[in-house]
Amino acid sequence: MEATTTGMNRTGASASPAGAQAMEEAVARYSPPGPIDLSQAREMRLLHGQEAGPLGSVPPPTSLGGMVRTGVSKLMGEHPEILLDKIGERIAFERGGTRLYDALIVKYEGAVNAGAKVPSPADAVKAAGAGTDDAALMGDASALATLQRIRAEELQHFQLLCDAMRQLGGDPTAQTPCADVIGTASMGLIQVVTDPRTTLAQALSAILTAELTDNAGWELLIQLAEQAGETSLVSEFAQALTEEQRHLNTVQAWLGALVVSGPLPSDAV
């Protein structure tokens, strides 16, 4: 399933010993006689860092209740904008996660249409012993049904976060600084999953990176909500984290089955 084969790859230096030796000789001949001074580049980066403004800002509350809540929090020495920023980050990530699973479903369907015998994630979770609760929840669900369920939960998390942002007086459509950062950082993941040359296993490897990041993000968000005294949000966020942990276990076990175990009989799909 990994589709790792021997081919015409000539990127390694050992594929052309003469060429590699010529490069080494050129380096020895044309390199500066002493260490290269990078201090000016470092000073330039420091200067740009000092002169640059912030990446963005958190918009002010859009409701009277949000203004009152934010004002009271600031009087108590708290920073409610940090919680709003991190909620904005998770909104952006969950929206992107939904699109990642949309692309992964297409990747899976393409593998099946090409005749691949894909092991089911349910069997992979059971074989990996990822957790009895996870295995019981999945039952004998097909790979497609599992992917559709995870995709639906990612969308539910997005909607949950939008509701949380409104509850705190924020605007879920605004791009906060952390939302901007996570959107940029996630661009490579969607490029991997949508690349027509990547295999299902390679796409799952990118999804695994997303799920690891997602779990850590929810843990931090819960911590911030607890500090802000938002007990109702803590409970809802904790449920989302439980579901995200299941996503992580499923993806990790399924990826292991695809890479390590090899294809299974077609009736395991």
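Attention in this report is confined to the structure presented alongside it. (Residues numbered from 1 in each chain as written. Predicted model: local features only at pLDDT ≥ 70, side-chain atom pairs only at ≥ 80, totals over all residues. Heavy atoms only, no water.)

Next up on the list: the pattern of salt bridges. Within this structure, the stated rule accounts for seven salt bridges. One salt bridge connects K86 with E89, and the closest N-O pair in it is separated by 3.0 Å. Highlighted residues: K86 and E89, both in helix α4 (residues 80-113), separated by three residues, approximately one helical turn. Of the two residues examined, K86 and E89, each falls in the buried class. Note that D214 is salt-bridged to R90, the shortest N-O span being 2.7 Å. Here D214 is found in helix α10 (residues 200-227), whereas its partner R90 is found in helix α4, with 124 residues between them in sequence. (Salt bridge = Lys/Arg side-chain N within 4 Å of Asp/Glu carboxyl O. Helix = DSSP H or I, 4+ residues; strand = E, 2+ residues; numbered from the N terminus. Buried < 20%, exposed > 50% of the residue type's maximum accessible area, 1.4 Å probe, protein only.)

Here we take up the packing of helix α7 (residues 143-167) against α10. Relative to each other, α7 and α10 sit at 30°, their axes nearing to 14 Å. In terms of orientation, α7 lies roughly parallel with respect to α10. In the crossing of α7 with α10, the sense of the turn from one axis to the other is left-handed. Residue-level contacts link E154, H157, L160 and L161 of α7 to E211, D214, W218 and L221 of α10. When the residues that make up the contact of α7 with α10 are grouped by side-chain class, the tally is four nonpolar, one polar and three charged. (Axes fitted to C-alpha atoms, helices over the stretch in contact; angles between N-to-C directions. Parallel < 35°, antiparallel > 145°, perpendicular 65-115°, else oblique. Left-handed = near helix turned anticlockwise from the far one by under 90°. Contact = heavy atoms within 4.5 Å. Nonpolar A, V, L, I, M, F, W, Y, C, P; charged D, E, K, R; others polar.)

Attention now goes to helix α8 (residues 177-185). The set of residues buried in α8 consists of P177, C178, A179 and I182. As for α8, its buried residues are in contact with α4 and α10.

Examined against the element boundaries, A13 turns out to sit in the segment before α1 (17-30). Look at A13 and you get exposed, because its relative accessible area is 54%. In this structure, the C-alpha to C-alpha distance between A13 and M23, residues ten residues apart in sequence, is 9.8 Å.

One can find E211 in helix α10. For E211, which is buried and forms no salt bridge, the nearest opposite charge comes from R90, at a distance of 8.4 Å. (Lys, Arg positive; Asp, Glu negative; His and termini not counted.)

A full pass over the atoms with the stated rule returns two aromatic pairs. Seen from their ring centres, Y108 and W254 are 6.3 Å apart, and the 55° between their planes marks the pair as tilted. Placement of Y108 in helix α4 and of W254 in helix α11 (residues 231-261) is noted, with a sequence separation of 146 residues between them. Residues Y108 and W254 agree in their burial class; the two are buried. (Phe/Tyr/Trp six-rings, centres within 6.5 Å; stacked < 30°, edge-to-face > 60°.)

Nothing here speaks to function; it is geometry throughout.
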